Amino acid sequence: KNSASDAPELAEPYLRAVLDTAGLAVEYVRAEGNTLFQRGEDGGEIPVADFAGGYGSVLLGHNHPAIVARARELLAAGSPVHAQFSRHPYANELAAELNRIIHRELGDQEPYFAIFANTGAEAVEAAIKHAELDRGMRVAALGARVAEEIGAARAAVAEGTAALSARTRARFGAAAGEGRPAALEAVLAGLERANAGQLERPPLFLALERGFHGKLGTSVQLTHNEHYRTPFKSLGAQARFVPHGRPDVLKEVYAQERGVLLSLELTDGQVEVVEREFPVFCAFLVEPVQGEGGIHVLGAEFAQEIQRFCAEIDCPVVVDEIQSGMGRTGALLSSSQVGLRGDYYTLAKALGGGIAKTSVMLVREARYRREFEIVHSSTFAKDSFSCEIARTVLALLEADGQAAYRRATERGRALRAELESVQAEFPDQVLAVRGRGLMLGMEFRDQSQADSEILRELATSGLFGYFLAGLLLREYRVRTFPTASAVNTLRFEPSLQLADDEIALLGAGLRELCRVLRAQDGARLTVP
Ligand code: PMP
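Read on for an overview of the structure. (Residues numbered from 1 in each chain as written. Predicted model: local features only at pLDDT ≥ 70, side-chain atom pairs only at ≥ 80, totals over all residues.)

1. Quick look at the site of the ligand
Stage number 1. Taken together, 15 residues lie near the ligand, and Gly120, Ala121, Gly214, Ile322 and Gln323 sit nearest.
Stage number 2. Counting residues per element, the shell around the ligand draws most heavily on helix H5 (residues 120–159), at three residues.
Stage number 3. Its residues placed into classes, the shell around the ligand shows six nonpolar, six polar and three charged. (Near = placed C-beta within 6 Å. Helix = DSSP H or I, 4+ residues; strand = E, 2+ residues; numbered from the N terminus. Nonpolar A, V, L, I, M, F, W, Y, C, P; charged D, E, K, R; others polar.)

2. Some details on the pairing of strand S2 (residues 35–39)
Stage number 1. Where strand S1 (residues 28–32) lies against S2, four bridges are found, and the strand directions are antiparallel. The partner of Glu32 across the bridge, within S2, is Thr35.
Stage number 2. Between S1 and the antiparallel strand that follows it, S2, lie two residues; Gly33 among them carries a positive phi value of about 60°.
Stage number 3. Inspection of the sheet shows S2 paired to strand S3 (residues 45–50) by five bridges, in the antiparallel sense. Directly across from Arg39, in S3, lies its bridge partner Glu45. (Pairing = 2+ DSSP bridges.)

3. Description of the sheet that holds strand S17 (residues 439–444)
Stage number 1. Here four strands make up an open sheet; going across it, the order is S16-S17-S20-S19 and the pairing antiparallel. On the outer flanks of this sheet lie strand S16 (430–436) and strand S19 (481–483), each paired with one strand and no other. Put simply, the sheet's adjacent strands are angled 35° from each other on average, direction ignored.
Stage number 2. The sheet contacts of helix H14 (residues 464–476) involve S17, S19 and strand S20 (486–492), and relative to S20 the element is tilted by about 40°. (Axes fitted to C-alpha atoms, helices over the stretch in contact; angles between N-to-C directions. Contact = placed C-beta atoms within 7 Å.)

4. Re the packing of H14 against helix H15 (residues 500–518)
Stage number 1. Two elements in contact, H14 and H15, have axes whose closest approach is 10 Å; the angle formed by their N-to-C orientations is 125°. Our classification of the angle between H14 and H15 gives oblique. Where H14 crosses over H15, the two elements pack in a sense that is right-handed. Packed against H14, whose contacting residues are Leu468, Leu471, Leu472, Glu475 and Tyr476, the element H15 presents Leu505, Ala508, Gly509, Glu512, Leu513 and Val516 at the interface.
Stage number 2. Taken together, the residues of the contact of H14 with H15 break down into eight nonpolar, one polar and two charged. (Parallel < 35°, antiparallel > 145°, perpendicular 65-115°, else oblique. Left-handed = near helix turned anticlockwise from the far one by under 90°.)

What follows is the structure, encoded as structure tokens:
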């Protein structure tokens, strides 16, 4: 039974029990700005400083007054929320505003077409599907071109206006003295065998180690974390994961995985076999700042290398800005700060202002396939309510000469300074402070070899950071969580309303946490 009510617990009771072991399964009854209010034992409200920030969705703060007012206004006016397959000026205007900001940040005017969805993972799935539709169309066009080339060569050989070169004959085992028709048949059969295998090859995705792109059928295959990914391996397209900062590995993967279609080319009356690059690589997914993988910033240099590599092999770049985007790092597109340009972008989380569930996948015009609009949709996507809320979010980010982005940078600096001072005091406990803007992480040293038996146990439970977060919540009324795939790293993604005294409170909690770890006082991390 749930302690707060008599109803049987059927909504993920196991997860609640796990959270309970770290003392995190408290109930929040109200939220405002950067504060969540926990239900106290006496029924009263206990304010908690929120550094988890809805996993990134409440950049503007909980229940931002302007967003709540807009929501009220829309509902009070009886504005149609679900009027699918009609004109949708609200969606066009939202897409136009996103384009206006993106053009400013990229310094380029190429339009990005918008496909709306409901969640982050869904936007990633839409990007993957679009990229595969595009790849399929490129494969079909290449197949037609090759068929045409082979047809022309075949006709020329049959007519006697061209001859198979010695190299072409040798490649397909047509003996030098063999008659023209037999040799031609051998070459054509050989080409067909070689090409059939290629044409049926499934798409291959590229993604970075530690990357996180969602947990749906295909997106989870691009999420590096094995616990999330491998049970569902047979559900989705496969990815090769590449370590950060290793352009040599990119080249190696390319050499191992690339594909070619064989074709015939006529030159000076000779028929030669030529290779036409086959599009195996469907998309390369990158997070400008990896969130769930432990808050790792993509360096400008490696970003440029990825960009160059993808341009060379004609593989679209999907920049997943679901956690890093929407102003959190000081720009709508965090990637624009490292000079990375996406063929696709995904945005979600804060796009809905912490109130609406919405996401968008953007595709640059040069890659856009309008056919996608006919084959992809969702009942709930592109609804007027979430589009209007998202427009309000953009207006808030852009207001007062784009003050919100500057605030994210400034608040991020203040928070980072506090985290770094904790690290400087406790270098024996804190391994690193990382991130950009209001997307920061603190990595603690591994305790699996600790003197304290309790600490060793917690460290090997796979939930270590949750116990760190439990102490912060219990003793300091500070809410944070570890990142999903790197549990020794605590994440800090508060709202723009983050106050100096909340930073100081977090600092005090982290210092105490470090003292507890230094003293090997494992019992303090467990629920009393
Ligand atoms: N991509 C990234 C970079 C994310 O951080 C997340 C969520 N943590 C997702 C995709 C998935 O978003 P959602 O949880 O809304 O499906």
